[in-house]
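Fold and geometry: a report
Chain by chain, the residues run as shown.
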Amino acid sequence: MLAAARTSRRTADREEANLLTLAVQWALMHPADTDRGQDAATYTWRSWAGVEDTGLALAGDGAPRVAEYAVAEFAAAVGLGTGAGKAYLGQALELAYRLPKTWARVTGGELSAWRARRVAEQTIAL
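A quick note: this is a predicted structure, and the numbers were derived from the prediction, not measured.

Counting 25 residues, the largest nonpolar core has Leu20, Leu58, Leu93, Leu95 and Val106 as its most contacted members. Listed by contribution, the elements that provide at least two residues to this core are α1 (2-29), α2 (68-77), α3 (82-98), α4 (100-107) and α5 (113-123). Excluding its chain neighbours within four sequence positions, the residues that come into contact with valine 106 are Ala17, Leu20, Leu111, Ser112, Ala113 and Ala116.

Right, here's the structure in full:
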C-alpha cells in the first residue's frame, strides 16, 4: 500500500509540474499587445470580443504581461476561480521568468510544484 501511495504522489507531482508548464505556455499564447510603441502599463487594446484589455502583470518585473481575458479562460479550464487562476498563472510566470533555478528543479522533478509555488508567492512583490 505504501509503495502505491509513493507512486501516486510522484505521478501527482509530475502532473502538477506539467500544469505549471501549461500555464506558462497559455500565458505566452495570450500576451498583452504592446508592440505599438506604447508602455505596457498604459496601452489598451480591443480583444477579439471587443472588450478593452490592458493586460495584467501577474508576476514580478521581467515576466510577460498577460491578456486579462486569458486568466478567466485558464481558471475555468482547470477548475479554479478567477482569483485563484490569476494567482496560479502569476506563480507559474514568476517561477519560469524570475526564479529559473527553482523552475528547473520543478520541471526536473526535484522539487514539488506546491513548494515552488509558495516560494513564487513570496517573491512576486520583490
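One simple way to see leftover space: roll a probe sized like a water molecule over the atoms. Roughly 160 Å³ of internal volume is contained in the largest pocket. For the largest pocket, the full set of lining residues is Arg10, Asp13, Arg14, Ala17, Val106, Thr107, Gly108, Gly109, Glu110, Leu111, Ser112 and Ala113. Among the secondary structure elements, those contributing two or more residues to the lining of the largest pocket are α1 and α4. At four residues, α1 tops the list of elements feeding residues into the lining of the largest pocket. Tallied by class, the residues present in the lining of the largest pocket amount to four nonpolar, four polar and four charged.

This part is about the packing of aromatic side chains. In the structure shown here, the tally under the stated rule is one aromatic pair. Geometrically, the ring pair formed by phenylalanine 74 and tyrosine 88 is stacked, given 6.0 Å between the ring centres and 25° between the ring planes. Here phenylalanine 74 is found in helix α2, whereas its partner tyrosine 88 is found in helix α3, with 14 residues between them in sequence. An identical accessibility class is assigned to phenylalanine 74 and tyrosine 88; each is buried.

Under the counting rule described, the total for this entry stands at three salt bridges. Arginine 9 is the partner of aspartate 13 in a salt bridge, and the nearest nitrogen-oxygen pair spans 3.3 Å. Placement of both aspartate 13 and arginine 9 in helix α1 is noted, with a separation of four residues, approximately one turn of the helix. With a relative accessible area of 25%, aspartate 13 lands in the partly exposed category. The salt bridge partner of glutamate 110 is arginine 105, with a shortest N-O separation of 3.7 Å. For glutamate 110, a relative accessible area of 57% gives the class exposed.

Given a rise of 1.5 Å per residue, 17 residues ought to cover 24 Å, and the 23 Å separating the end C-alpha atoms of α3 matches this to within 8%. For α3, every residue scored as buried is listed here: Gly85, Tyr88, Leu89, Gly90, Gln91, Ala92, Leu93, Glu94 and Leu95.

A separate point is α5. The complete set of buried residues in α5 reads Ala113, Ala116, Arg117, Ala120 and Thr123. An end-on view of α5 places all buried positions within 125° of arc, on one side of the element.

About the cut-offs
Residues numbered from 1 in each chain as written. Predicted model: local features only at pLDDT ≥ 70, side-chain atom pairs only at ≥ 80, totals over all residues. Heavy atoms only, no water. Core = buried A, V, L, I, M, F, W, Y, C linked by side-chain atoms within 4.5 Å. Buried < 20%, exposed > 50% of the residue type's maximum accessible area, 1.4 Å probe, protein only. Helix = DSSP H or I, 4+ residues; strand = E, 2+ residues; numbered from the N terminus. Contact = heavy atoms within 4.5 Å. 1 Å grid on protein atoms, 1.4 Å probe; cavity = no way out; pocket = protein on both sides within 12 Å on 5 of 7 lines; lining within 4 Å. Points joined across faces, edges and corners; volume = space filled by probe spheres on them. Nonpolar A, V, L, I, M, F, W, Y, C, P; charged D, E, K, R; others polar. Phe/Tyr/Trp six-rings, centres within 6.5 Å; stacked < 30°, edge-to-face > 60°. Salt bridge = Lys/Arg side-chain N within 4 Å of Asp/Glu carboxyl O. Expected span 1.5 Å × (residues − 1). Arc of directions from axis to C-beta.

Don't take any of this as a statement about function, it's just geometry.
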